[in-house]
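In case you want the letters, here they are:
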Amino acid sequence: MRHLLDTESLSLENAIQILDTAQEMSAVGEREIKKLPALRGRTVVNLFFEDSTRTRISFEAAAKRLSADVINFSAKGSSVSKGESLKDTAQTLEAMSADAVVIRHWASGAPAQLANSGWIDAAVINAGDGTHAHPTQALLDAFTMRAHWSKIQGTASVGADLAGMRVLIVGDVLHSRVARSNVWLLRTLGAHVTLVAPPTLLPVGVEHWPCEVSYDLDAALETGVDAVMMLRVQAERMNASFFPSTREYARRWGFDDARLAKLDALNLKDTIIMHPGPMNRGLEISSAAADSPRSTVLAQVRNGVSVRMAALYLLLSGEMRETPAQLAVPSTLPSVKDPS
Amino acid sequence: MTTSSAASQGSQQNSAPVTVSRVVLSAADIERALTRIAYEILEANKGLSDLLLLGIPRRGFPLAQRLAVKLAATDPTVDPATIVGQLDVTMFRDDLAQQPTRAPQRTQLPVSGIDGKTIVLVDDVLYSGRTIRAALDALVDLGRPRAVRLAVLVDRGHRELPIRADHVGKNLPTSSSEKVRVHLVEIDGGIAANDEVVIEAGA
C-alpha cells in the first residue's frame, strides 16, 4: 500500500490490517501520555481545498499522536486564491519535504492525480474528493460497525470482518462520497448493503454497484437491519430540485422519532444509527435519534482518530522510499527476533 | 559447526541454501531454565510484593505467563493473572523506517498499573538490545516503575547498546549469521509440537 485513494481497490487483507492496527491505536487515546514516537521526524501536510471540521482535526490529531510534524494548509487565504495550480501547490509542498499529503479537494480524482502524476514523492491520503471517495470515513464507519458487530456476537473483533451484517445507507447517495466508499468497503468486508434514497438522489449506474436499492425506508427497516447510516443532504451541491420540500424528504427518508420507535417495535434492539456528520437535525435525522443510545455519531468521531493513525502509520512506517511496492509482512511470520 | 553442517558444506555452495538447524534447548531444558529464573526473581525481589512481569510480544508474553504461574505457586494468595501483562514496543522501535511495516500488538497492563512497581521485562532472545531499549521507552509513557529488570530465555550476545539481562535462561555464543529461533507451543503450535530453541546456520 503506497497511497490510500479509494476503498474499491483496497484488498480485504489490507482493510483488516488497517482496522486491526486502528484497534491497537485506540488504546493510545486512553493512556496518560497520548503519544507514540512512531513517526517522529516525518512531516504530514493537510491540504484542504474544501471546508472540513472533523476530518481535518482528526487527521491533525492522528498525526500529532504519532509524533509527526503537521502543516495545515487550506485553500482559503493561500496562494490558491491567487490562481496557483494544484501541481504548483503540490510541488511547493514537495520542496518542503512532506512525507505524506492528506488531501481534500472539490474535484473527483484530484488525489489520484497527485499520486500518479509523478509531481510528488509523498504518500497521498484521500480525505474526500468531490463525489468520488472518502476512504478513511468508510474505514472508521467499518471500524465502528465491527466493534458493535463483534460485541453483540460475543467474538473478538481483531481480525474479524463484517460477514452477515445488514447495513442500510439512507439519503443523498448521489452527492455522497461517503456512500460510495462505504459500499465498496462493506462489500469487501462481507456485509450486505441496501441503499435507500429518493430516485432523484441515486446516481446513474447504481444498479451495477454491489448492493441493493430501495426507495422505501420503512419497508427496508422492516426486513431487519443491524446498522442504519444516514447521509447528510448536501444542499451546497444541489443545483436542481431533487425533492419537493424538506418536510417531505424528512417524512419519507429522514430518520425521525416515529422510525426510532419503530426499531423498538420491530424488536431490533441492537441496531445502531450512524451519521458521518455534520448532521442536519430535523432533516435527515431527528434530534431524538441523533442523541439516542443507538447513535454512534460521537463514537465515529473518536474512532476516526484511531483509523487515521493506523493509515498514517501503515503508509509511512515500513518501507523507506527505495522499495515502494512493498506489501506488509503478515504478522504470523516467526521471524520476530532476527532483525532486532 | 556441527558435524551435519560440515558434511553438507560442499553441497550448500552450489545448491539452494539448506538450513542446518540444531536444537540447543529442549522442552525440559526450557522448563528448568524458567523454574530457575522464577526463583532468581523471587530472591532478587525478596518475595512477590509489588512485582509485575511484562512480556514483550510475541514470544515474551507466553514466557511471562509461565513465569507468573511458577511465581504464584510459591504464594497461594497471588493470582498469576494479576501479575502478568504484555508490553508492545512496535511503535518505539528505532528501525521502523527501515523494516517492512510491523503490525502493532496489544499492550495489556495488570489492573494495578505500573507506578511504583518492580517490573521484570520478559523476552525470548536478547540480541542487539534494541527491543529492550524500545521497551524502556514504552514503559516511560505508561508510568514510573520503581525498578525495571530484564529476564530472557536466551542471551546470544552481539549487543549494540549498553543493556544486559538480570536473569538469563542460557547464554548462547552465536555467530551473527546464525538465527536463533524459539518455538513455544502457545504461538508455534503448528510448527513445533514441543517447546524448543533452535540455532539455524546462516546461508
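Residues numbered from 1 in each chain as written. Chains lettered and ligands numbered in written order. Predicted model: local features only at pLDDT ≥ 70, side-chain atom pairs only at ≥ 80, totals over all residues.

Description of the pairing of strand β8 (residues 196-200) of chain B
Residues and elements named next belong to chain B. Direction of pairing for strand β1 (residues 21-25) relative to β8: antiparallel, over a ladder of four bridges. Residue Leu 25 lies in a different strand from β8, and its bridge partner there is Val 197. Of the strand pairs in this sheet, strand β7 (residues 179-183) and β8 are connected by five bridges, and their pairing is antiparallel. Along β8, the bridge assignment pairs Lys 179 with Glu 200. (Pairing = 2+ DSSP bridges. Helix = DSSP H or I, 4+ residues; strand = E, 2+ residues; numbered from the N terminus.)

Thoughts on the environment of Leu185(A)
Residues and elements named next belong to chain A. Structurally, the position occupied by Leu 185 is in helix α6 (residues 177-189). Overall, Leu 185 belongs to the buried group, with 26 C-beta atoms counted inside 10 Å. Between the C-alpha atoms of Leu 185 and Asp 141, which are 44 residues apart in sequence, the distance is 9.7 Å. Discounting residues that sit within four places of it in the chain, Leu 185 has contacts with Thr 7, Leu 10, Ala 15, Ala 138, Leu 139 and Ala 142. (Buried ≥ 20, exposed ≤ 12 C-beta atoms within 10 Å, placed from the backbone. Contact = placed C-beta atoms within 7 Å.)

Notes on the sheet that holds strand β9 (residues 272-274) of chain A
Residue and element names in this part refer to chain A. Strand order in the open sheet formed by five strands is β7-β6-β5-β8-β9, and the pairing between neighbours is parallel. Where the open sheet ends on each side, the last strands, each with one partner, are β7 (212-214) and β9. With strand direction ignored, the average angle separating the axes of adjacent strands in the sheet is 20 degrees. Across five bridges, strand β5 (residues 166-170) lies against strand β6 (residues 192-196) in parallel orientation. Within β6, the residue paired with Leu 168 across the bridge is Thr 194. On top of the sheet, α6 reaches β5, β6 and β8 (227-230); it is set at about 155 degrees to β6, its chief contact. (Axes fitted to C-alpha atoms, helices over the stretch in contact; angles between N-to-C directions.)

So, the sheet that holds β8(B)
Residue and element names in this part refer to chain B. One open sheet accounts for three strands, arranged β1-β8-β7; its pairing is antiparallel. The sheet is open, and its two edges are formed by β1 and β7, each paired on a single side. Taking each pair of neighbouring strands and ignoring which way they run, the sheet shows an average axis angle of 30 degrees.

As for unusual backbone geometry
Looking along the chain, the bond that leaves Gly277(A) and enters Pro278(A) is cis, with omega of -10 degrees. Geometrically, the link from Pro57(B) to Arg58(B) is a cis peptide bond, its omega value of 0 degrees lying close to zero. Tracing the backbone through its elements, the reader meets Arg58(B) in the loop between β2 (51-55) and α4 (60-72). Positioned with a positive phi, Ser67(A) is a non-glycine residue whose angle comes to about 70 degrees. Among the structural elements, Ser67(A) can be located in the loop between α2 (54-65) and β2 (69-74). Among the residues examined, Ser67(A) registers 15 C-beta atoms within 10 Å and is labelled partly exposed. With phi around 65 degrees, Asn267(A) is a residue other than glycine that occupies positive phi space.

Section: the packing of helix α1 (residues 12-28) of chain A against helix α5 (residues 135-153) of chain A
All names here are of chain A. In the contact formed by α1 and α5, the axes pass within 10 Å of each other and the chain directions differ by 70 degrees. Relative to α5, α1 is oriented roughly perpendicular. Between α1 and α5 the crossing geometry is right-handed. Where α1 approaches α5, its residues Ile 18, Leu 19 and Ala 22 are matched on the opposing element by Leu 139, Ala 142, Phe 143 and Arg 146. (Parallel < 35°, antiparallel > 145°, perpendicular 65-115°, else oblique. Left-handed = near helix turned anticlockwise from the far one by under 90°.)

Examining α2(A)
Residues lying three or four places apart along an α-helix face the same way, a consequence of the helix completing one turn every 3.6 residues. Residue and element names in this part refer to chain A. Taking 1.5 Å of rise per residue, 12 residues should cover 16 Å, and α2 covers 16 Å from first to last C-alpha, within 8% of that figure. Among the residues making up α2, those that are buried are Thr 55, Ser 58, Phe 59, Ala 62, Ala 63 and Arg 65. Along the axis of α2, the buried residues cluster in a sector spanning 165 degrees; they form a single face. Structurally, α2 contributes buried residues whose contacts are with α1, β1 (43-48), β2, β3 (100-105), β4 (123-129) and α11 (297-316). One or two steps after α2, the chain reaches Ser 67, where phi turns positive at roughly 70 degrees. (Expected span 1.5 Å × (residues − 1). Arc of directions from axis to C-beta.)

Points about the confidence of the model for chain B
Residue and element names in this part refer to chain B. Within chain B, residue pLDDT values average 88, and 90% of them lie at 70 or more. Across chain B, the secondary-structure element scoring lowest on mean pLDDT is helix α1 (residues 3-7), at 41, and the one scoring highest is strand β5 (residues 147-155), at 97. With pLDDT under 50 throughout, residues 1-14 is counted as low confidence; its partners more than four residues away or in other chains account for nine contacts. Listed scores for the predicted complex are pTM 0.85 and ipTM 0.75. (pLDDT = per-residue confidence, 0-100.)

Here's the deal with the pairing of β5(B)
Residue and element names in this part refer to chain B. Looking at chain direction, strand β4 (residues 118-126) and β5 are connected through eight bridges and run parallel. For Leu 126, the partnering residue across the bridge sits in β5 and is Asp 155. As a crossover connection, the stretch from β4 through helix α5 (residues 130-142) into β5 is right-handed. Across four bridges, β5 lies against strand β6 (residues 167-171) in parallel orientation. Its bridge partner lying in β6, Val 152 is registered against Val 168. (Right-handed = clockwise from strand over helix to strand, strands pointing away.)

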